[in-house]
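Spelled out, the chains give:
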Protein chains: 2
Amino acid sequence: MVIRPVKPVYIQSWGSVVGRKEYEGPLGELFDGYDTTDLFGADTFEKAESEMQKRALGLAVAKGGYLPEDIDLLFAGDLVNQCITSTYGLLSYRLPYIGLFGACSTAAEGLMLSALMTGSYTRRCANVTSSHYCTAERQFRFPLEYGGQRPPTAQWTVTGSGAFVCTSEKEDLHRTGFRYVPQITAVLPGIPVDGGINDANNMGAAMAPAAMDTLMRYFSENKSLDGIDLILTGDLGREGNGILADLLWSHGMDISSRLADCGKMIYRLDDKKTDVHAGGSGCGCSAVVLAADILENIRHGRLGKVLFLGTGALMNTMALYQGQNIPGIAHLVEISRSEVE
Amino acid sequence: MVIRPVKPVYIQSWGSVVGRKEYEGPLGELFDGYDTTDLFGADTFEKAESEMQKRALGLAVAKGGYLPEDIDLLFAGDLVNQCITSTYGLLSYRLPYIGLFGACSTAAEGLMLSALMTGSYTRRCANVTSSHYCTAERQFRFPLEYGGQRPPTAQWTVTGSGAFVCTSEKEDLHRTGFRYVPQITAVLPGIPVDGGINDANNMGAAMAPAAMDTLMRYFSENKSLDGIDLILTGDLGREGNGILADLLWSHGMDISSRLADCGKMIYRLDDKKTDVHAGGSGCGCSAVVLAADILENIRHGRLGKVLFLGTGALMNTMALYQGQNIPGIAHLVEISRSEVE
């Protein structure tokens with residue numbers, strides 16, 4: 001069921017930090033911070049990912065006109081085993097902490113819970129997530145030194161972290177001085193869907209049926225596409241995005257012109273030197289594209305209403321060795337442009 | 001800050017499933033289900049853990065007088081990399097799903113979010129968690145075949161799964177026919193605390209400072225111990241329980257008589273044949289003890305108010321190899337006996 005926050009909830013501020021490949025991509029100039037070494041001053045890739053989370057949250061808090069203690073509750077998670085890059089990255093903030101695991105859907109999962117909690121119980125919640133090519137690649141696929149061939153459906157894990165601060169305090173909105181603010185007007189939690197895919201190099205196909213399921217449930221309650229400028233999936237990539245467009249078309253919804261995917265937006269897919277095959281993936285992918293591009297466009301009046309669908313593949317390597325398929329999930333966050341009063 | 005559900009929220013029902021060692025322990029007869037092979041009909045330990053979750057949720061749903069579709073939202077998580085035992089265990093229920101990672105605090109984390117969501121947005125939420133000695137031991141410590149010595153502070157991962165259904169629908173309470181029902185009257189999310197411990201065989205010491213931090217924050221808002229029958233930690237074990245009692249005593253709170261720990265309750269610690277050293281641990285530990293023992297005692301009028309503190313160690317093995325400490329967390333759920341009207 002589609003759930004609406006009891007009180008109006010606004011995304012007051014956001015922060016994004018990326019690595020070199022993302023900085024060199026088409027959205028490069030939009031991100032708040034980057035490090036072309038991908039290490040962010042740390043001596044391991046896991047610590048580098050933690051450092052990205054720390055910086056992304058720091059930026060989001062500061063850009064909202066806040067200090068860390070203004071945040072009542074923090075939601076975070078990532079792809080590394082036991083979500084350690086979130087724990088260590090956010091430890092020094094000393095904030096009440098709710099750990100999430102939503103695979104690459106974590107940005108949407110965190111926004112969803114932040115919005116509902118802020119709409120009913122807290123003044124402000126923040127949520128953070130991240131991924132790093134080097135931590136994900138060696139944990140899920142191959143050693144970094146290994147030069148294997150990647151099939152065309154494979155995706156490239158984004159090195160990046162995004163953080164968001166939600167508030168229900170209307171006076172907060174005047175701290176930033178913008179005319180518009182993104183408001184979270186509804187959320188719809190995803191249902192895990194097993195589409196029969198067991199190829200870890202084809203995550204897009206594994207997640208597309210979950211995105212379809214969530215969209216169909218959303219449209220069963222909200223019949224009209226009117227006013228929806230964009231349906232933005234997290235990291236279906238070229239393959240999954242095509243499958244979702246086909247599934248929608250086969251249900252009589254020819255809306256591919258309003259369909260976009262963060263995994264397709266973050267890199268230059270047709271540039272062979274970029275070598276990302278079907279596009280970006282990872283928790284950081286949707287987080288940094290939503291923050292740096294989409295929310296800025298809403299704030300500046302260029303976008304009205306966006307359905308943000310965080311897509312995730314709920315698997316690990318051992319499950320595949322044991323013959324399991326890869327279930328997908330897609331959490332929906334309805335974000336609408338609101339005028340600051 | 002201590003958060004109270006907007007509407008009254010009741011724990012309508014619960015289910016618990018355990019393995020052989022737990023069934024042979026002092027609470028053995030209280031659990032709803034067990035399998036002395038620890039395999040639950042599955043061909044791998046990970047699949048066995050999934051099967052336990054499936055059964056625990058099925059029992060909780062059925063005991064509450066529900067069908068699965070009566071549940072609006074499901075919270076779940078576990079210790080296995082990327083929380084796969086929750087995903088695969090609960091896939092067939094086809095319910096909206098929020099994945100959590102709270103290490104061994106997951107039962108409390110899930111209850112906390114279930115209570116707040118049920119108190120404001122949904123009719124009913126369920127939460128599930130599990131652990132399995134064989135999945136945890138080989139992932140976090142040694143191959144199962146390896147016969148290493150365990151130090152006295154080491155704990156034994158509980159093979160078990162617990163599930164809980166929260167409702168805000170007062171008429172639901174008549175489905176079970178009991179005079180009393182446990183009500184979640186408040187929650188307090190934990191703050192990760194780094195107590196300087198980096199020994200994976202001494203999780204109790206790593207988590208005790210987090211439990212202390214949460215309790216101190218709770219008592220800073222609720223000054224009195226009056227009416228609190230029990231302060232129940234999740235899996236501090238003998239070592240961590242002793243440290244927490246000492247920390248409380250050093251702050252002028254001599255309450256060791258009201259302090260209990262699920263990790264100490266689930267096994268016969270002084271029976272050398274049981275071989276569990278400092279006691280039980282794992283997500284399943286606090287979940288099954290809370291379900292089978294504590295909530296039943298509240299329901300039958302033998303306990304009034306319980307502070308349930310789910311304790312967790314937010315680490316993985318790689319973090320320790322990289323020289324990190326083990327941060328602990330403790331989420332508090334205030335459970336009070338309520339008379340059914």
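Conventions and cut-offs
- Residues numbered from 1 in each chain as written.
- Chains lettered and ligands numbered in written order.
- Predicted model: local features only at pLDDT ≥ 70, side-chain atom pairs only at ≥ 80, totals over all residues.
- Helix = DSSP H or I, 4+ residues; strand = E, 2+ residues; numbered from the N terminus.
- Rg over C-alpha atoms; globule rule 2.2 N^0.38 Å.
- Buried ≥ 20, exposed ≤ 12 C-beta atoms within 10 Å, placed from the backbone.
- Contact = placed C-beta atoms within 7 Å.
- Arc of directions from axis to C-beta.
- Least-squares fit on C-alpha atoms with pLDDT ≥ 70 in both.
- Nonpolar A, V, L, I, M, F, W, Y, C, P; charged D, E, K, R; others polar.
- Axes fitted to C-alpha atoms, helices over the stretch in contact; angles between N-to-C directions.
- Parallel < 35°, antiparallel > 145°, perpendicular 65-115°, else oblique.
- Domains from an automatic or database assignment.
- Core = buried A, V, L, I, M, F, W, Y, C linked by C-beta atoms within 7 Å.
- Pairing = 2+ DSSP bridges.
- Right-handed = clockwise from strand over helix to strand, strands pointing away.

### Some words on the overall build of chain A
So, step 1. When helices and strands are tallied, chain A shows ten helices and 14 strands.
So, step 2. Compactness check: chain A gives a C-alpha radius of gyration of 18 Å against a globular reference of 20 Å for 341 residues, within 12% of the reference.
So, step 3. Taken along its principal axes, the extent of the C-alpha atoms in chain A is 55 × 50 × 35 Å.
So, step 4. When burial is assessed residue by residue, chain A has 62% of its 341 residues classed as buried.
So, step 5. Of all intrachain contacts in chain A linking residues separated by at least 6 positions in sequence, the fraction that spans at least 24 positions is 80%.

### Observations concerning helix α5 (residues 133-141) of chain A
All names here are of chain A.
So, step 1. Looking only at α5, the buried set comprises Y133, T135 and A136. Looking straight down α5, one finds its buried side chains confined to an arc of 165°; they lie on one side.
So, step 2. Where α5 is buried, its residues meet α2 (45-63), α3 (84-90), β5 (124-131) and β6 (156-157).

### Things to note about the relation of the copies chain A and chain B
So, step 1. Rotating chain A by 180° and moving it 0.0 Å along the rotation axis overlays it on chain B with an RMSD of 0.0 Å. Considering both components of the superposition, the chain copies are consistent with a two-fold axis. In terms of C-alpha distance to the rotation axis, chain A has L100 of chain A as its closest residue, with the C-alpha 2.1 Å off the axis.
So, step 2. When you check the interface residues of chain A against chain B, 100% turn up at the interface there too, and the contact is symmetric in its surfaces.

### Some points on the interface of chain A and chain B
So, step 1. In this assembly, 45 residues from chain A lie in contact with 45 residues from chain B.
So, step 2. Looking at the side of chain A that touches chain B, the elements with two or more residues in it are α2, β3 (73-78), α3, β4 (97-99), α4 (106-118), α10 (317-321) and β14 (327-339) of chain A.
So, step 3. Split into classes, the residues belonging to the side of chain A that touches chain B amount to 27 nonpolar, twelve polar and six charged.

### With respect to unusual backbone geometry
Residues and elements named next belong to chain A.
So, step 1. With a phi close to 60°, D275 is a non-glycine residue in the positive phi region.
So, step 2. Along the chain, D275 turns up in the loop between α8 (262-265) and β12 (280-281).
So, step 3. On the basis of neighbour count, D275 is assigned to the exposed category, with 10 C-beta atoms found within 10 Å.

### Points about the packing of α4 of chain A against helix α9 (residues 283-299) of chain A
All names here are of chain A.
So, step 1. α9 packs onto α4 with a crossing angle of 60° between their chain directions and a minimal axis gap of 7 Å. Put simply, α4 runs oblique to α9. From α4, T106, A107 and A108 reach across to α9, where they touch C283, S286, A287 and L290.

### Here's the deal with the domain arrangement of chain A
Residues and elements named next belong to chain A.
So, step 1. As assigned here, chain A comprises domain 1 (9-172) and domain 2 (180-339).
So, step 2. Taking the mean C-alpha position of each, domain 1 and domain 2 sit 17 Å from one another.
So, step 3. Each partner contributes to the interface: domain 1 provides 47 residues, whereas domain 2 provides 55 residues.
So, step 4. Broken down by secondary-structure element, the contributors of at least two residues to the side of domain 1 that touches domain 2 are β1 (9-18), α4, β5, α5, β6 and β7 (160-167).
So, step 5. Among the elements that line the side of domain 1 that touches domain 2, the one with the most residues is α4, at eight residues.
So, step 6. Among the residues making up the side of domain 1 that touches domain 2, the classes are represented as 27 nonpolar, 16 polar and four charged.

### Examining the nonpolar core
So, step 1. Among the nonpolar cores identified, the biggest contains 228 residues, and A126 of chain A together with A126 of chain B are the most heavily contacted of them.
So, step 2. Look past the residues within four positions of A126 of chain A in its chain and what remains in contact with it is L57, A60, V61, I71, L74, S114, A163, F164 and V165 of chain A.

### Here's the deal with the pairing of strand β10 (residues 228-233) of chain B
Residues and elements named next belong to chain B.
So, step 1. Examined bridge by bridge, β10 and strand β13 (residues 305-313) share five bridges and lie parallel to one another. Directly across from L230, in β13, lies its bridge partner V306.
So, step 2. Inspection of the sheet shows β10 paired to strand β11 (residues 259-261) by three bridges, in the parallel sense. In the strand pairing of β11, I231 is matched with L259.
So, step 3. Viewed along the sheet, the connection from β10 through helix α7 (residues 237-250) into β11 turns out right-handed.

### Comments concerning the pairing of strand β8 (residues 180-188) of chain B
Residues and elements named next belong to chain B.
So, step 1. Pairing geometry for strand β1 (residues 9-18) and β8, over two bridges, is antiparallel. Note on β8: the bridge partner recorded for V9 is I184.
So, step 2. One ladder, built from eight bridges, connects β8 with strand β14 (residues 327-339); its direction is antiparallel. Counted as the bridge partner of I184 is I335 from β14.

### Describing the environment of N222 of chain B
So, step 1. Among the secondary structure elements, N222 of chain B is positioned in the loop between α6 (203-221) and β10.
So, step 2. In this structure the C-alpha to C-alpha distance between N222 of chain B and A107 of chain B, which are 115 residues apart in sequence, comes to 23 Å.

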